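In case you want the letters, here they are:
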Amino acid sequence: MLTSSTWFRIKIVGRSRSNSDASSRPYHHGDLRTSLLDAASILLEANGAQALSLRQVAREAGVSHAAPYRHFNDRHGLLEALAMRGFEALEQRLDEVTEAYPDHARRQVVKGCRAYVAEALAWPQRTHLMFGGFIDPTQCSTELTAAIDKSFGKLVALVERGEGTLFRELPTLDLVLGLWSTTHGFATLATSGQLYSIYPGSDPEDLAERIVEQMLSGITRPSA
């Protein structure tokens, strides 16, 4: 039976590695930063952000305990880098939805919300890191702020493409907040397991689409 830690090792690096092997292996990575972030992702999903340390990441990556400091000043810097990965991945998912449905505003919104839920389900602990209060968005690095802004901009763009045809004449940010709150709340219920007590055996991504469609039916024009 695979443990969560073993699963994420397979998922990210393609093979598992024991801690004793990792600690004895000399540094040889061509891309140390990527290797460290891959290792940190394994540990994050297995144990959560609170348990993450640079020493553990170094051991998982098979490098010296000092190696992470080449790229991260401290634990907070590592957490920011992991969160940035998450916002960039979310941005990419939303871009893929836009490309898949270039001329269909409603489908972009529904599939975009589904993509948001899918990302949260794929990386629940990273999603919690991004939105769970571990990082203060008013005090984060310039790079992370830019990643957050770009990701949020994709949500805004989904709504803006539906203005005038799909949505009623409501403030753009009000529409964005309504969709985001619904989708993020749904994702939180799904990743925490609470959703399955209400809908046992359900496919959370299909259910997310259905809920968003129902929400849209309450705020769209009759002819949309």
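Undergrad: Would you mind going over the environment of Arg59 with me for this structure?
TA: Inspection of the secondary structure puts Arg59 in helix H4 (residues 54-61). C-alpha of Arg59 to C-alpha of Ala39: the two residues are 20 residues apart in sequence and 8.7 Å apart in space.

Undergrad: What should I look at first to understand the pattern of salt bridges in this one?
TA: All chains considered together, the criterion is met by 10 salt bridges. Residue Glu213 is joined to Arg106 by a salt bridge in which the shortest nitrogen-to-oxygen separation is 3.0 Å. With Glu213 in helix H11 (residues 204-219) and Arg106 in helix H6 (residues 105-122), this residue pair connects regions lying 107 residues apart in the sequence. Classification of Arg106 as buried rests on a relative accessible area of 17%. Here Lys111 makes a salt bridge to Glu209, at a shortest N to O gap of 2.9 Å. Separated by 98 residues along the polypeptide, Lys111 in helix H6 and Glu209 in helix H11 bring together distant segments of the chain. For Lys111, a relative accessible area of 23% gives the class partly exposed.

Undergrad: What is the right way to look at helix H8 (residues 142-160) in this model?
TA: Note that an α-helix has 3.6 residues per turn; residues three or four places apart therefore point the same way. Over its 19 residues, H8 extends 26 Å from the first C-alpha to the last, a length consistent with the 27 Å expected when each residue adds 1.5 Å. Residues Leu144, Ala147, Ser151, Leu155, Val156, Ala157, Leu158 and Val159 constitute the buried set of H8.

Undergrad: I keep staring at the layout of surface pockets and nothing clicks. Help me out?
TA: Where empty space is left in the structure can be found by rolling a water-sized probe over the atoms. Its volume calculated, the largest pocket comes out at about 250 Å³. Going through the elements one at a time, helix H5 (75-100), helix H7 (124-131) and H8 are the ones with two or more residues in the lining of the largest pocket. Among the elements that make up the lining of the largest pocket, the one with the highest residue count is H8 (six residues). Residue classes in the lining of the largest pocket are distributed as 14 nonpolar, three polar and one charged. Taken as a whole, the second largest pocket encloses approximately 170 Å³ of empty space. Residue lining of the second largest pocket: Ala120, Pro124, Thr127, His128, Phe131, Gly132, His184, Ala187, Thr188, Thr191 and Ser192, and that is the complete set. When contributions to the lining of the second largest pocket are tallied by element, the ones reaching two or more residues are H7 and helix H9 (172-192). Per-element accounting of the lining of the second largest pocket gives the leading share, five residues, to H9.

Undergrad: I keep staring at the environment of Gly162 and nothing clicks. Help me out?
TA: Secondary-structure assignment places Gly162 in the loop between H8 and H9. Take Gly162: its relative accessible area is 0%, and that puts it in the buried class. As a C-alpha pair, Gly162 and Arg106 span 56 residues in sequence and 6.9 Å in three-dimensional space. With residues up to four places along the chain from it excluded, the contact list for Gly162 reads Ala105 and Phe167.

Undergrad: I tried to follow the environment of His71 on my own but got confused; where do I start?
TA: Position of His71 relative to the elements: it lies in the loop between H4 and H5. In this structure His71 comes out as partly exposed when scored by relative accessible area, which is 39%. Taking the C-alpha atoms as reference points, His71 and Arg33, 38 residues apart in sequence, are found 6.4 Å from one another. In contact with His71, not counting residues within four places along its chain, are Leu32, Arg33 and Leu36.

Undergrad: Sorry, what's going on with the packing of aromatic side chains here?
TA: As enumerated under the stated definition, the model contains four aromatic pairs in all. Judged by centre distance (5.6 Å) and plane angle (55°), the ring pair of Phe152 and Trp180 falls under tilted. Residue Phe152 is located in helix H8, and its partner Trp180 is located in helix H9; the two are separated by 28 residues in the primary sequence. Its relative accessible area of 30% is what places Phe152 among the partly exposed residues. Taking the relative accessible area as the measure of exposure, Trp180 reaches 29% and is therefore partly exposed. By way of ring pairs, the aromatic residues Phe87, Tyr116, Phe131, Phe152 and Trp180 are connected into one cluster.

What counts and how
Residues numbered from 1 in each chain as written. Predicted model: local features only at pLDDT ≥ 70, side-chain atom pairs only at ≥ 80, totals over all residues. Heavy atoms only, no water. Helix = DSSP H or I, 4+ residues; strand = E, 2+ residues; numbered from the N terminus. Salt bridge = Lys/Arg side-chain N within 4 Å of Asp/Glu carboxyl O. Buried < 20%, exposed > 50% of the residue type's maximum accessible area, 1.4 Å probe, protein only. Expected span 1.5 Å × (residues − 1). 1 Å grid on protein atoms, 1.4 Å probe; cavity = no way out; pocket = protein on both sides within 12 Å on 5 of 7 lines; lining within 4 Å. Points joined across faces, edges and corners; volume = space filled by probe spheres on them. Nonpolar A, V, L, I, M, F, W, Y, C, P; charged D, E, K, R; others polar. Contact = heavy atoms within 4.5 Å. Phe/Tyr/Trp six-rings, centres within 6.5 Å; stacked < 30°, edge-to-face > 60°.

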